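# Architecture at a glance
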2 protein chains.
Amino acid sequence: MCEANVYMENEKGDLTLLLDSVDKVIPSEEAIYIENIFGERKNVVAKIKEMQLVEHKIILQSLK
Amino acid sequence: MCEANVYMENEKGDLTLLLDSVDKVIPSEEAIYIENIFGERKNVVAKIKEMQLVEHKIILQSLK
């Protein structure tokens, strides 16, 4: 399977796991909707910093 | 391997393949940088509409 783990990066560059095994990522004006293969869903006020799909890694940065 | 194919969606909703086997996706203010596992790189003036990682699909929408 080819899901990715979604991390939030803080100002220091440290990563915190937000949701694992993410399948769907849908950005909107205000937030990013993420949903994993287990049906867990989150709306995150953030922007996408970088995706490294081979590493199964999506890094978000908070907008707050 | 867990790369994705990146498609551009037009106004009618039709998808055109932009780059296959994409590993890295890095959005910036003006464009989205994509790079595949073969080292092919593109800068696309677009926004991310949706990612379906299990389907290996990233859909962009043109901003032009």
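Just above, that's the structure.
About the thresholds
- Residues numbered from 1 in each chain as written.
- Chains lettered and ligands numbered in written order.
- Predicted model: local features only at pLDDT ≥ 70, side-chain atom pairs only at ≥ 80, totals over all residues.
- Heavy atoms only, no water.
- Least-squares fit on C-alpha atoms with pLDDT ≥ 70 in both.
- Contact = heavy atoms within 4.5 Å.
- Salt bridge = Lys/Arg side-chain N within 4 Å of Asp/Glu carboxyl O.
- Buried < 20%, exposed > 50% of the residue type's maximum accessible area, 1.4 Å probe, protein only.
- Disulfide = S-S within 2.5 Å.
- Helix = DSSP H or I, 4+ residues; strand = E, 2+ residues; numbered from the N terminus.
- Buried area = accessible area lost by both parts, 1.4 Å probe.
- Polar contact = N/O pair within 3.5 Å; in protein donor to acceptor, adjacent residues only side chain to side chain.
- Nonpolar A, V, L, I, M, F, W, Y, C, P; charged D, E, K, R; others polar.
- 1 Å grid on protein atoms, 1.4 Å probe; cavity = no way out; pocket = protein on both sides within 12 Å on 5 of 7 lines; lining within 4 Å.
- Points joined across faces, edges and corners; volume = space filled by probe spheres on them.
- Core = buried A, V, L, I, M, F, W, Y, C linked by side-chain atoms within 4.5 Å.

Laying chain B over chain A is done by rotating through 180° and shifting 0.0 Å along the axis; what remains is an RMSD of 0.0 Å. Seen this way, the second copy is the image of the first under a two-fold rotation axis. Considering only C-alpha atoms, the residue of chain B closest to the rotation axis is B:C2, which sits at 2.6 Å. Mapped onto chain A, 100% of the interface residues of chain B are again interface residues, and the two copies thus contact each other with one and the same surface.

Residues and elements named next belong to chain A. Per the stated rule, a full pass over the model turns up 6 salt bridges over all chains. In this structure, E35 and R41 form a salt bridge, with 3.9 Å as the shortest nitrogen-oxygen distance. Overall, R41 belongs to the exposed group, its relative accessible area being 58%.

This brings us to the state of the cysteines. Simply put, disulfide is the name for a covalent bond between the sulfur atoms of two cysteines. In the structure shown here, the tally under the stated rule is 1 disulfide over all chains. Disulfide pairing is shown between A:C2 and B:C2; the S-S distance is 2.2 Å. Linking A:C2 and B:C2, the disulfide has an S-S dihedral of approximately -70° and is accordingly described as left-handed. Placement of the pair is A:C2 in the segment before β1 (4-9) and B:C2 in the segment before β1 (4-9), with the two residues belonging to separate chains. The exposure class of A:C2 is buried, given its relative accessible area of 11%.

Right, let's talk about the environment of B:E3 for a bit. Inspection of the secondary structure puts B:E3 in the segment before β1. Its relative accessible area of 12% is what places B:E3 among the buried residues. Each C-alpha atom, one on B:E3 and one on B:V22, is 5.0 Å from the other, the two residues being 19 residues apart in sequence. Not counting the four nearest positions on each side in its chain, B:E3 is found in contact with A:L53, A:V54, B:S21, B:V22, B:I37 and B:H56.

This next bit is on the interface of chain B and chain A. At the interface, 21 residues of chain B touch 21 residues of chain A. Taken as a group, B:C2, B:M51 and B:L53 account for 38% of the area that chain B buries against chain A, more than any other trio of residues on that side. Where chain B meets chain A, there are 6 residue pairs in polar contact (both at pLDDT 80 or more). Top contributing element to the side of chain B that touches chain A by residue count: strand β2 (residues 15-27) of chain B, with 6 residues. Grouping the constituent residues of the side of chain B that touches chain A by class yields 13 nonpolar, 2 polar and 6 charged.

Right, let's get into the layout of surface pockets. Here the largest pocket defines a volume of roughly 690 Å³. Around the largest pocket sit 24 residues that line it, and A:P27, A:K47, B:P27, B:S28 and B:K47 are the ones nearest its centre. Elements supplying a minimum of two residues to the lining of the largest pocket: β5 (46-52) of chain A together with β5 (46-52) of chain B. In terms of residue class, the lining of the largest pocket is built from 12 nonpolar, 4 polar and 8 charged.

The nonpolar side chains of a soluble globular protein tend to be buried, and buried together. A:L60 and B:L60 are the most contacted members of the largest nonpolar core, which totals 30 residues. Residues in contact with A:L60, not counting those within four places in the same chain, are A:V6, A:Y7, A:M8, A:E9, A:L18, A:I32, A:V44, A:A46, A:K47, A:I48 and A:K49.

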